[in-house]
Every structure is written in C-alpha cells, then in structure tokens.
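Listed here are the chains, written in short residue letters.
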Amino acid sequence: MSATAATTTEAQQHTGMPVPQHVAIIMDGNGRWAQRRGLPRAAGHQAGSRVVRPIVETCAQRGVQALTLYSFSSENWSRPADEVAAIMLLLQEHLRNELPMMLANGIRFRRLGRREGMPAEALHMLDETERATAHGRGMHLVLALNYGARAEITDAVRDIANKVRQGELDPAAITEATISDHLGTAGLPDPDLLIRTAGQWRVSNFLLWQISYAEMHVTETLWPDFNLQDLDRAFRDFAGRQRTFGGLKAK
Ligand code: FPP
C-alpha cells in the first residue's frame with residue numbers, strides 16, 4: 001500500500017483522534033528488566049510476553065489494522081542457547097494461550113521472517129495459528145521471528161529476479177509496489193507508527209522498507225513495564241504529528 005494512504009480510519013471517527021493503521025513495536029528491555037531484579041534474562045522475556053495480550057487486544061479494539069511485534073531477530077540466535085530456548089518455548093506457550101483471545105477478537109495471525117532455522121515445533125504452531133485465524137475480519141497480528149529486514153529485502157529481490165528470468169515480469173514494469181508485494185508484509189498498510197521501548201533510538205534491521213514514512217515514538221519504559229497508559233501516550237504522540245510525506249505542512 002502506498003505511503004501516502006490516508007490515515008483517516010473508521011477508528012478515528014469513533015475517537016476523534018487519528019489512530020495509526022499499522023503499529024510496529026520493537027519490544028526492547030526484557031533483559032534489563034530482569035537484571036534490575038537480579039533475575040535470569042528468561043524471566044524478563046516471560047514478563048515481556050505477559051504484556052503482549054493487553055496491547056494486542058487494545059490495538060484491535062481501537063481499530064488498528066495491523067500490529068507487528070519484533071519478537072526475535074535473525075541476530076538474536078547469537079544469544080546463549082538457554083535464552084534462545086526459553087524464548088522459543090514462551091512463543092509456543094503464548095500461541096497456545098492466546099488463540100482464544102485472537103479468535104474472540106477476529107484477529108488474523110501472520111508469521112514474518114525466514115522459516116529456515118526456526119525450530120520445527122514452533123513453526124508447526126505458527127502455521128496452525130495462521131490457519132486457525134485465517135477467516136478473521138479484524139486486526140492483523142504479525143509476529144516477526146527469525147526476522148531481519150535486509151534478509152527480507154534480499155529474498156524479495158531474489159523472487160523478483162527469478163520472475164524476470166522466467167519471463168513472468170518485465171524489468172521495466174517493476175515499481176515500488178512490486179517490491180512491497182514481495183515482502184512478508186504484502187497486503188498490509190505500511191506501519192505509520194513505530195514504537196521502541198527501553199530508550200534506544202535505532203531501528204535494528206526492522207521493517208526497513210516499510211517504515212519509510214513511519215512516525216517514531218521511543219519510550220524509556222522497558223517492555224515488561226509497558227502498559228496501556230504508555231500505549232495511549234504513543235497514540236496521542238502520533239495523533240499530534242503533522243505528517244507531510246516529504247511535502248509541505250498544510251497552512
Ligand atoms: C528484547 O529484549 C526482547 C527480545 C529479544 C525478545 C522479545 C520476546 C518477548 C517479548 C517474549 C516472547 C514473545 C512473544 C510474542 C510471546 P532484550 O533481551 O534485548 O533486552 P535488553 O536490551 O534489556 O537486554
């Protein structure tokens with residue numbers, strides 16, 4: 001979808017405030033949260049996974065069309081094996097526990113990231129969750145797992161090159177939409193709000209193509225402490241931004 005798509009949504013008509021169409025969140029700070037309490041890092045991830053449900057439900061109820069959560073990057077495999085294993089187990093537990101909530105809210109679940117390298121059991125549950133929620137009519141919930149934006153763009157370029165080689169695609173007909181349509185987020189609006197918790201101002205190889213025109217909201221709050229007030233603050237911050245997409249401010 002084009003970056004200039006209107007941000008006026010059905011949700012805005014209810015609240016009077018522009019609601020982002022697609023919220024992307026870099027859930028950072030689980031490790032620091034645990035460290036400050038003298039707990040193992042896995043306890044921080046566990047606390048972080050408990051925060052996901054209220055945020056998902058609230059976004060769905062506010063009329064957000066898509067919510068993408070950066071849950072495990074391609075670089076996160078370099079963490080200690082016990083931490084990686086704990087996150088993969090938490091993910092499976094999360095999918096099992098949250099399926100009823102997803103169905104009750106009409107949520108459509110989608111996995112984003114390379115399949116290769118993901119544990120078979122986790123992939124199976126992710127596929128099952130996608131299948132079980134495919135007929136939903138509500139918000140898209142996207143979990144980025146084994147995800148890196150450069151890898152995603154590389155895969156898209158490879159797919160496009162193969163189509164050109166097979167004569168299915170004329171290079172002269174390649175547009176920005178062609179690229180978007182070959183990414184894992186195909187069919188979703190581009191994120192218009194990118195939230196990062198735990199205070200760092202960086203994008204960490206997350207949705208690099210898709211966030212071109214996103215508004216950034218960085219909060220010092222660590223992800224396990226992120227609550228509905230923090231979400232409200234991010235939404236109000238977004239609503240107050242004047243979005244120009246490289247043009248001029250309205251007079
Ligand atoms: C970043 O914190 C967080 C992660 C690498 C993993 C995020 C995982 C969860 C929230 C739990 C599982 C996910 C779901 C959806 C159930 P960090 O460890 O980098 O924190 P630090 O920067 O303070 O060390």
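What this report covers is the structure whose coordinates are included nearby.

**Here we look at the overall build of the protein**
Moving on, step 1. The helix and strand inventory of the protein stands at eight helices and six strands.
Moving on, step 2. For a compact globule of 251 residues, the expected C-alpha radius of gyration is about 18 Å, and the protein comes in at 18 Å, within 12% of that figure.
Moving on, step 3. When the backbone C-alpha atoms are referred to their principal axes, the protein occupies close to 55 × 50 × 35 Å.
Moving on, step 4. A fraction of 74% describes how many contacts in the protein between residues 6 or more apart in sequence connect residues 24 or more apart.
Moving on, step 5. A total of about 12700 Å² of accessible surface is found on the protein, and carbon and sulfur atoms cover 51% of it.
Moving on, step 6. Between the centroid of the 28 positive side chains of the protein and the centroid of its 28 negative side chains there is a distance of 4 Å.

**Quick word on unusual backbone geometry**
Moving on, step 1. Of note, Asn 205 is a non-glycine position whose phi angle comes to about 60 degrees, a positive value.
Moving on, step 2. In this fold, Asn 205 is placed in the loop between β5 (193–196) and β6 (215–218).
Moving on, step 3. The class of Asn 205 is buried, set by a relative accessible area of 17%.
Moving on, step 4. Even without a glycine there, the phi angle at Leu 207 is positive, about 50 degrees.
Moving on, step 5. On the secondary structure map, Leu 207 appears in the loop between β5 and β6.

**A closer look at helix α3 (residues 41–62)**
Moving on, step 1. With 22 residues, α3 extends 32 Å between its outermost C-alpha atoms, agreeing within 8% with the 32 Å of an ideal straight helix rising 1.5 Å per residue.
Moving on, step 2. Among the residues of α3, Gly 44, His 45, Ala 47, Gly 48, Val 51, Val 52, Ile 55, Val 56, Thr 58, Cys 59 and Ala 60 are the ones counted as buried.
Moving on, step 3. Where the residues of α3 are buried, they touch β1 (22–26), α2 (30–36), β2 (66–73), α4 (81–104), β4 (140–147) and α8 (228–239).
Moving on, step 4. At the exit of α3 stands Gly 63, carrying a positive phi of roughly 95 degrees.

**Remarks on the side chain of Arg 196**
Moving on, step 1. The topology assignment puts Arg 196 in strand β5.
Moving on, step 2. Here Arg 196 falls in the buried class, since its relative accessible area comes to 4%.
Moving on, step 3. Polar side-chain contacts of Arg 196 include one of 3.1 Å to the side chain of Asp 28.
Moving on, step 4. Apart from the residues lying within four places of it in its own chain, the contact partners of Arg 196 are Ile 26, Asp 28, Arg 202, Val 203, Ser 204, His 217, Val 218 and Thr 219.

**Quick notes on the site of the ligand**
Moving on, step 1. Close contacts around the ligand come from 16 residues, with Asp 28, Gly 31, Arg 32, Arg 41 and Arg 79 the closest.
Moving on, step 2. For the ligand, an oxygen atom lies 3.0 Å from a polar atom in the backbone of Gly 31.
Moving on, step 3. At a separation of 2.7 Å, an oxygen atom of the ligand approaches a polar side-chain atom of Arg 32.
Moving on, step 4. In isolation the ligand offers 630 Å² of accessible surface; the protein chains occlude 92% of this area.
Moving on, step 5. Within the residue set of the shell around the ligand, elements represented by two or more residues are α2 and α3.
Moving on, step 6. Here the shell around the ligand gets four residues from one element, more than from any other, and that element is α3.

**Details of the packing of aromatic side chains**
Moving on, step 1. As enumerated under the stated definition, the model contains five aromatic pairs in all.
Moving on, step 2. Between Tyr 70 and Tyr 147 the ring centres are 5.9 Å apart and the planes differ by 80 degrees, which places this aromatic pair in the edge-to-face class. In this pair, Tyr 70 is assigned in strand β2 and Tyr 147 in strand β4, connecting sequence segments 77 residues apart.
Moving on, step 3. What makes Tyr 147 buried here is its relative accessible area of 1%.
Moving on, step 4. Judged by centre distance (5.2 Å) and plane angle (20 degrees), the rings of Trp 223 and Phe 226 are stacked. Grouping residues by exposure puts Trp 223 and Phe 226 together as buried.
Moving on, step 5. One aromatic cluster is present, built from ring pairs that chain together Tyr 70, Tyr 147 and Phe 206.

Rules behind the numbers
- Position labels on residues start from 1 in each chain and follow its written sequence.
- The model is predicted, so local features are restricted to residues of pLDDT at least 70 and side-chain atom pairs to those at 80 or more, both for listing and for counting; the totals for chains, interfaces and linings are taken over all residues.
- With hydrogens and water set aside, each side-chain value is computed from the structure's full complement of heavy atoms.
- Only DSSP runs of H or I reaching four residues or more are called helices, and only runs of E reaching two or more are called strands; each is numbered from the N terminus.
- We compute the radius of gyration from the C-alpha atoms alone; for a globule the expected value is 2.2 Å times N to the 0.38, where N is the number of residues.
- Any two residues whose heavy atoms approach within 4.5 Å at even a single point are treated as in contact.
- For the area figures, the Shrake-Rupley method with a 1.4 Å probe applies, and any residue is considered shielded solely by the protein chains shown.
- This count recognises Lys and Arg as positive and Asp and Glu as negative, with His and chain-terminal groups excluded.
- Every charge is mapped onto a representative atom, which is NZ of Lys, CZ of Arg, CG of Asp or CD of Glu.
- When a residue's accessible area, from a 1.4 Å probe over protein chains only, is under 20% of the maximum for its type it is buried; when over 50% it is exposed; and in between it is partly exposed.
- Given a helix with a known number of residues, its expected span is that number minus one, times 1.5 Å.
- Counting of polar contacts relies on pairs of N or O atoms within 3.5 Å, with two restrictions inside protein: one atom must be capable of donating a hydrogen and the other of accepting it, and residues adjacent in sequence are counted only when both atoms are side-chain atoms.
- It suffices for a single heavy atom of a residue to lie within 4 Å of a molecule or strand for the residue to be listed as near it.
- We call Phe, Tyr and Trp rings a pair once their centres come within 6.5 Å, taking the six-membered ring for Trp, and we label the pair stacked below 30 degrees between planes, edge-to-face above 60, and tilted otherwise.

Keep in mind these values describe shape, not function.
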